[in-house]
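# Geometric and topological summary
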Protein chains: 4
Amino acid sequence: MSEIREECGIFGIYKQGADDSYCAAMTYTGLMALQHRGQEACGIAVNNNRELSFYKGMGLVDRVFNDERINKLRGQMAIGHVMYSADGGSHSANAQPLALNYAKGSLAIAHNGSIINADELRREYEQNGAIYQTTSDVEVIAYTIARHRIAAGSIEKAVAEAMHKLKGVYSLILISPRKMVAARDPIGLRPLCIGRKADGAIVFASETCALDVVGAAFERDIEPGEIVCVEDGVVSSNRDMCGQKSHLCVFEHVYFARPDSVIEGQLVNDARRISGALLAQSAPVDADVVIGVPDSGIPAALGYAEESGVQYVEGFGKNRYAGRTFIRPDQISREEAVRLKLNPIRRYVEGKRVVMVDDSIVRGTTMGIIVNFLRNAGAKEVHLRISSPPFLHPCYYGTNVTSVDQLIFSEHTLEEVCSILGADSLAFLRFEDLHKIAPDYRSGFCEACFTGEYPIK
Amino acid sequence: MSEIREECGIFGIYKQGADDSYCAAMTYTGLMALQHRGQEACGIAVNNNRELSFYKGMGLVDRVFNDERINKLRGQMAIGHVMYSADGGSHSANAQPLALNYAKGSLAIAHNGSIINADELRREYEQNGAIYQTTSDVEVIAYTIARHRIAAGSIEKAVAEAMHKLKGVYSLILISPRKMVAARDPIGLRPLCIGRKADGAIVFASETCALDVVGAAFERDIEPGEIVCVEDGVVSSNRDMCGQKSHLCVFEHVYFARPDSVIEGQLVNDARRISGALLAQSAPVDADVVIGVPDSGIPAALGYAEESGVQYVEGFGKNRYAGRTFIRPDQISREEAVRLKLNPIRRYVEGKRVVMVDDSIVRGTTMGIIVNFLRNAGAKEVHLRISSPPFLHPCYYGTNVTSVDQLIFSEHTLEEVCSILGADSLAFLRFEDLHKIAPDYRSGFCEACFTGEYPIK
Amino acid sequence: MSEIREECGIFGIYKQGADDSYCAAMTYTGLMALQHRGQEACGIAVNNNRELSFYKGMGLVDRVFNDERINKLRGQMAIGHVMYSADGGSHSANAQPLALNYAKGSLAIAHNGSIINADELRREYEQNGAIYQTTSDVEVIAYTIARHRIAAGSIEKAVAEAMHKLKGVYSLILISPRKMVAARDPIGLRPLCIGRKADGAIVFASETCALDVVGAAFERDIEPGEIVCVEDGVVSSNRDMCGQKSHLCVFEHVYFARPDSVIEGQLVNDARRISGALLAQSAPVDADVVIGVPDSGIPAALGYAEESGVQYVEGFGKNRYAGRTFIRPDQISREEAVRLKLNPIRRYVEGKRVVMVDDSIVRGTTMGIIVNFLRNAGAKEVHLRISSPPFLHPCYYGTNVTSVDQLIFSEHTLEEVCSILGADSLAFLRFEDLHKIAPDYRSGFCEACFTGEYPIK
Amino acid sequence: MSEIREECGIFGIYKQGADDSYCAAMTYTGLMALQHRGQEACGIAVNNNRELSFYKGMGLVDRVFNDERINKLRGQMAIGHVMYSADGGSHSANAQPLALNYAKGSLAIAHNGSIINADELRREYEQNGAIYQTTSDVEVIAYTIARHRIAAGSIEKAVAEAMHKLKGVYSLILISPRKMVAARDPIGLRPLCIGRKADGAIVFASETCALDVVGAAFERDIEPGEIVCVEDGVVSSNRDMCGQKSHLCVFEHVYFARPDSVIEGQLVNDARRISGALLAQSAPVDADVVIGVPDSGIPAALGYAEESGVQYVEGFGKNRYAGRTFIRPDQISREEAVRLKLNPIRRYVEGKRVVMVDDSIVRGTTMGIIVNFLRNAGAKEVHLRISSPPFLHPCYYGTNVTSVDQLIFSEHTLEEVCSILGADSLAFLRFEDLHKIAPDYRSGFCEACFTGEYPIK
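Everything quoted here is computed from the prediction, not taken from an experiment. (Residues numbered from 1 in each chain as written. Chains lettered and ligands numbered in written order. Predicted model: local features only at pLDDT ≥ 70, side-chain atom pairs only at ≥ 80, totals over all residues. Heavy atoms only, no water.)

## Section: the sheet that holds strand β3 (residues 51–58) of chain D
Residue and element names in this part refer to chain D. Read across the open sheet, the 7 strands follow the order β3-β2-β4-β1-β10-β9-β11; overall the sheet is antiparallel. For this open sheet the edge positions go to β3 and β11 (216–221), each flanked by a neighbour on one side alone. For this sheet, the mean inter-axis angle between neighbouring strands, taken without regard to orientation, is 15 degrees. The pairing of strand β1 (residues 8–14) with strand β10 (residues 202–205) spans 4 bridges and is antiparallel. If you follow F11 over to β10, its bridge partner there is A205. Along the sheet, helix α1 (residues 22–33) contacts β1, β2 (41–48), β4 (77–83) and β9 (193–197); its crossing angle with β4, the most-contacted strand, is approximately 25 degrees. (Pairing = 2+ DSSP bridges. Helix = DSSP H or I, 4+ residues; strand = E, 2+ residues; numbered from the N terminus. Axes fitted to C-alpha atoms, helices over the stretch in contact; angles between N-to-C directions. Contact = heavy atoms within 4.5 Å.)

The structure is reproduced here in structure tokens:
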């Protein structure tokens, strides 16, 4: 039910010598596990004896792909991509991976992030005659790598040179005729990890849950600034760009990532539990029950309940068939559509003082509807507890919250918001508690949405 | 992940004087809320000034219907149906509602249940020249009602006479040219309830969650044996067949129904919590964590944890995009497919003594895979706790478990099953505790699957 | 471009012992050849060891069926149906074959025609409890056969008894568990023929062109009133109902049938050529060129040219991609849609006195547009010659022209019509010449649409 | 039934000030008329107040587009493309128009032809960092124009400079933010014409039949080498590159173009008639009937009959539902598939000496099957007359006959071919008669497929 959305998930697998659709099938499985990171378009590219082939389409992974399409994608390397938003001129022009041919053969790239100086680079290349068939940053990345590759001795060197030129956040995986290369921007804003299957296949993924489903053992997170290259089955690393202060997007823990993923050593589900416990400490309230807004609010609510001793109840019936891609027919009101997804259980809230935990407030429209549901179901009091600090500034690093207009806090004080939402009280995770949700993580989070201090630019 | 499946959900709405697609849109919404009762086919029929029209198709409600199709379905009465299995000759021949014309005009019927003497009746009618275009019991119901209607003075009387002839379990809703009729078999095996919207619309549904999503206030359950008729906006009841001992299917509480539904006065989620608590009492175990198999095992696990004091943790990452209708590609193994849906969280089980709560064991194949996942994730001990008694006998009342071959307990003892599943211990809800999961429910459950004592025939 | 439409085509094949999809594949091929008789829905039913299976859908044969669907239809008997109009309650409820189970097992029926006393029979059966799931006459036929079959000793006897009861026109093919039966109404209004393949397979079809495409040699037309039964590979005939005066629909020759079909001994293309020649004799005109309206007007135009000595030219460019099922987008006018299908060639008509030959005038709307096209292309004179007599009375025997409102001649004289269409002259095939288009055909045509004398009722 | 295929058709319309979907709807209509030039993919691009939008897809025009999609394409300029073959990496990567952004804004290009030095240019641009997302020549054209546009003062100047660089054959239409530009290669191998609607809209199309269907009056053919630019509703021309000897592809007259199109002053249908008449003169034969292989063989057969005095008959029943895109199911043999499309009429050939006229012989497989059909239908003699000279050399200018392996004449003499095809005699249009099929056309044809003398390279 959250109003902020992650834009992409990426996956790659290298299984030396494979000449069937094994890699494509594993990529399909990995993308299924990353589907929460993007539901509007997806694609898989493979390299089969230096010949690139791919398939992309609009929709969920298991709609776009079937046996027939997977079976046609053969070779020892595959990469895949799921995407939230495929805007741009055509129905699928912006879908990834971007597959292309250039001076040194073929290339396919899957990218998660946002290039801050994309417009600048686009203009620079245009002066050399570049043409753009998408509006996606990945095309700018592709040009940058392709241009450097002409002089650079190898694709991995070209990637290194390109990274000096690209400002922004990105986790990317690419396949050249003979190699697979994965890289993460120097501040490590988006996650990327590497694992290995018992059969020797090397796997890259946005989240560890995708390693799990393909049966790969987690090895480690790719380091911020690191470039990993797989060639002839051998993995090598270039860490020349490592060592900057890193800034993992805190919303990966708060909302984006799957609870069973481990990012930079922290289990996401635990991060959410801890945030709930911290809320119970900093913003306690005399209440009868704690409920969580599914799905990301549930572990935080459990943490709140555990810490506060207030009883946790499952406050909502959830419709698992009315997902993010559910299209509301004309005749159905916005309220009815929300209730289709989230039906408050009267018996658990009637006559009760209710603490409701959710991950964030951006515009707040849906939350206002839900609070109203609880009132109508007889809740005596509704206390909102939000497992992240107030969202005050737009995000330019690959989410959908790119404008200050989308933020209720740009126009209203905390008291006003509490009143607009119809709640009895409203409290947020304290900014100073933020680092505690991942206690062993030594680096800093990107907290720009809370502070306005952007780590890049 | 359960291996037993409910076959159908039904919905009906009567809004006097409506001549647009309001009723169809509400039925769409109601069917969305009942989608968990059947995902393979669905349909909506309306009566517009005595003219019947309908649309049916294979697939989920939001795939089969769109604005255009709903807008064509106009009139003051609508009924809808979701179905698990549409077997039979054609791609959608068995989908419901069944719409037909007969001596007294048109009729559309939606049915949830199973007619035990269907073959016998079928043969009887055949001798009078009946032809069957489906293999569904609803066609037999239709013939029975149609035949009695010729002499009976009204459709509701015809339904009453038909009910004397039909042996079996059924909840049904039908629309005649002027009336809507809802009925429930005398033992009340399948649920059916009635509610009312603020605008006066009268609503029938398999579960209260469907009343909630259309904004209808729950009025009451239809009584076992009751026939409700809506004519000119007035609701009347025939209770001549009421008064038998009723036998609600206990699996509605254990697994079929949505946790936010209230059946015969009992909130389903609470029934599950209680069953977990009862398990903690009757089959305690020295353990570190309690986990539940999503979705129906979760409230039972919470109940177990609460009662036992053992910590509840969310043991699995769940993929909400790999639903029941997910088709596993050839190249993906059964294990990989299960892991796509259910990924154990290593940090919560590694080195731990784990209690895992699930709703039932039929064949047990998937559960064996899950136990194995837990072992591979480092669980020291795995104790299975099942929130219903052992499933020993087939069900003939509208589920998919119709043969003794499907039951692991038909061939193995409890000890053998425990060993086959790879668990350290295995315990079930005690049969004598069963009635406690709905403490205020005065009638008996159908417990045939546990006892072999079938309430009908 | 014609305004009258045939409603159906039927096909059947019996290949003793076949247990694969051979019969279904041949039926697919046969239906492709009969596609001109109906484009809105189609279906195939097979009987495999007494088990009926079928597939039906909306759309053209090669859209509804594919390898996968054909491969599932196995057995030694198959029947198929193409249909022009699938009206009625649902998207495909009225599609054929109608597949059913009844007292004596399964039955599938494909029917081309119209039952005049259908309403009367429907009411009679309703009094015995019949229910109707379609609005199609074939369901009435099915009930009639099923009822008689209970007492009759065999399916073919039941068909014979049913034929005494059914008033109307029909060609039908059915499959029972062991037999295939084909029958034609006693006046033989719709065509039906039988052929045989070198491998022994017996084939029935509406037109001989369907025999040709499956490689079957034409044996003979089924006689009006004849019932043919195939059992254990042996063909037998019941001719008890033969011998009435027959009345083949003359529009089969004029427009409906494919030019390469032979009906009652007459090649359709020749019938059309002759009608053109007869027009040249009875309604000559001083002209420069003769053109035909594709497709059925072409052979008549060639015949006119040959007889008159006026030069034949191909007056229109035709778009073979804008077929009958082409849906005109909103923004495209009716004139533009006609021109998409039929583009007059200016060089052939500019400054010329043009004779344009077409098959019939019903409402005349399209013809008025075409005449206007010719004027705009510079034709000096436009003389319309119609290869059938004036259409004065509705047809109740299975076409779409069922109402007098559809007929321009119901409101206007010949002179008025000529003026409305913008032609310089207008002449029709003389009624007394009609029998000459099939010179060897000894029986009479149904000429009700010209005379109002209906052979039935 | 021909074995050679044209690759593309293009269309463009400029209607000053239009801000609705008028231009897109007209383009839809025009593409419908050009559908015979390509059935596998199609697309439309519009420019709406300098903002480019487009939609492309696989399949026929009336499948890819519907009202909804057309209505979204708004603006005063639209171009469209139909394509025979969309090979390359993805399902629709190579579909056109190619839409792009570059230094000077947006550009969409639709192209019909083949760039001979594409590989060379591709390599040149790659050294400057170009990346290629398709395997289509249009991307090379786009780069060439984009690169020159950076320095050139206008898009039309950039096109002119690009044309100096591009070697090959091309007719192309493009839209820039403010202008529409159409150009034809200096030897004018592919056709392109311009017309004007009464409402002032300016229309470009591959063939005049597309002007006709949108109601545009033909103005003239674009000259070989000419660049036409429309700006602010004013049409201007750059003829600097005009004046070379032109070489229209003779197969446009023989087979590719629609019979109602006029190319370089010659009506295509007449060109075919004349070729038939010439064959009657140069290769007469004592025969009973002349038949033509639909569709392109028909006018040639009529011409042959007229000239020789031998009777013309319509020798084949044709299935207009089994078009080029018809996919033959596995169970149907190649012969059956051919017969589905073309059913010889026995009565017209049995016992007859038959002259059969077709447009060309490439591999000859289908023709062999057809000759065999005629034999089986009882033809006493079969004399093949081909309305073009023997096809001896591959075509590199935008057809599918790109390899000598596809040509039966590469391996066999005329006598051998006659024998392989099973004919009694075989004769071709004499090479020296070729120019006579378009008597008023002063320039030369491209005759490379007959002579091996390629006008370019």
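Let's pick the thread back up.
## Examining the packing of helix α4 (residues 118–126) of chain C against helix α5 (residues 137–151) of chain C
Residues and elements named next belong to chain C. It is the contact of α4 with α5, at a shortest axis distance of 10 Å, that shows an interaxial angle of 50 degrees. Classified by the interaxial angle, the pair formed by α4 and α5 is oblique. For the crossing formed where α4 meets α5, the hand is left-handed. Note on element contacts: α5 touches α4 through D137, V140, Y143, T144 and R147, opposite A118, L121, R122 and Y125. (Parallel < 35°, antiparallel > 145°, perpendicular 65-115°, else oblique. Left-handed = near helix turned anticlockwise from the far one by under 90°.)

## Quick word on the interface of chain D and chain A
With 28 residues of chain D at the interface, the matching set in chain A holds 28 residues. Contact between chain D and chain A buries roughly 2,400 Å² in total, counting both sides, with carbon and sulfur atoms accounting for 55%. Here chain D is connected to chain A by 7 residue pairs in polar contact (both at pLDDT 80 or more). Of all the secondary-structure elements, those providing two or more residues to the side of chain D that touches chain A are β3, β5 (98–102) and α5 (137–151) of chain D. Per-element accounting of the side of chain D that touches chain A gives the leading share, 6 residues, to α5(D). Residue composition of the side of chain D that touches chain A, by class: 15 nonpolar, 9 polar and 4 charged. (Buried area = accessible area lost by both parts, 1.4 Å probe. Polar contact = N/O pair within 3.5 Å; in protein donor to acceptor, adjacent residues only side chain to side chain. Nonpolar A, V, L, I, M, F, W, Y, C, P; charged D, E, K, R; others polar.)

## Some thoughts on the environment of K179(C)
Residue and element names in this part refer to chain C. Along the chain, the position of K179 falls in strand β8 (residues 179–184). With 106 residues separating them along the chain, K179 and V285 place their C-alpha atoms 57 Å apart. Apart from residues lying up to four places away in sequence, K179 is in contact with M77, S154, I155, E156, L174, C229, V230 and E231. Polar side-chain contacts of K179 include one of 3.0 Å to the side chain of E156.

## What about the relation of the copies chain D and chain A?
Superposition of chain D onto chain A requires a rotation of 180 degrees combined with a translation of 0.1 Å along the rotation axis, giving an RMSD of 0.0 Å. Such a combination of rotation and displacement between the chain copies is what one expects of a two-fold axis. In terms of proximity to the rotation axis, the leading residue of chain D is A130(D), whose C-alpha is 3.1 Å off the axis. A shared interface surface links the copies, since 100% of the contact residues of chain D are contact residues in chain A too. (Least-squares fit on C-alpha atoms with pLDDT ≥ 70 in both.)

## Considering the relation of the copies chain A and chain B
When chain A is brought onto chain B, the operation consists of a screw motion whose angular component is 180 degrees and whose axial shift is 0.0 Å, with 0.1 Å RMSD remaining. Both copies share a contact surface, since 100% of the interface residues of chain A are interface residues in chain B too.

## Quick look at the domain arrangement of chain A
For an interface, size is often stated in terms of accessible area lost upon the parts coming together. Residue and element names in this part refer to chain A. Here chain A is partitioned into domain 1 (8–244) and domain 2 (271–441). When each unit is reduced to the centre of its C-alpha atoms, the spacing between domain 1 and domain 2 is 35 Å. Taken together, the 9 residues of domain 1 in the interface contact 6 residues of domain 2. Taken together, both faces of the contact between domain 1 and domain 2 bury some 640 Å²; the carbon and sulfur share is 59%. Interface area lost by domain 1 to domain 2 is led by Q39, I116 and R190, which between them contribute 45%. For the interface between domain 1 and domain 2, the tally reads 0 salt bridges. Taken together, domain 1 and domain 2 are joined by 2 residue pairs in polar contact (both at pLDDT 80 or more). Residues belonging to the side of domain 1 that touches domain 2 are distributed by class as follows: 4 nonpolar, 4 polar and 1 charged. (Domains from an automatic or database assignment. Salt bridge = Lys/Arg side-chain N within 4 Å of Asp/Glu carboxyl O.)

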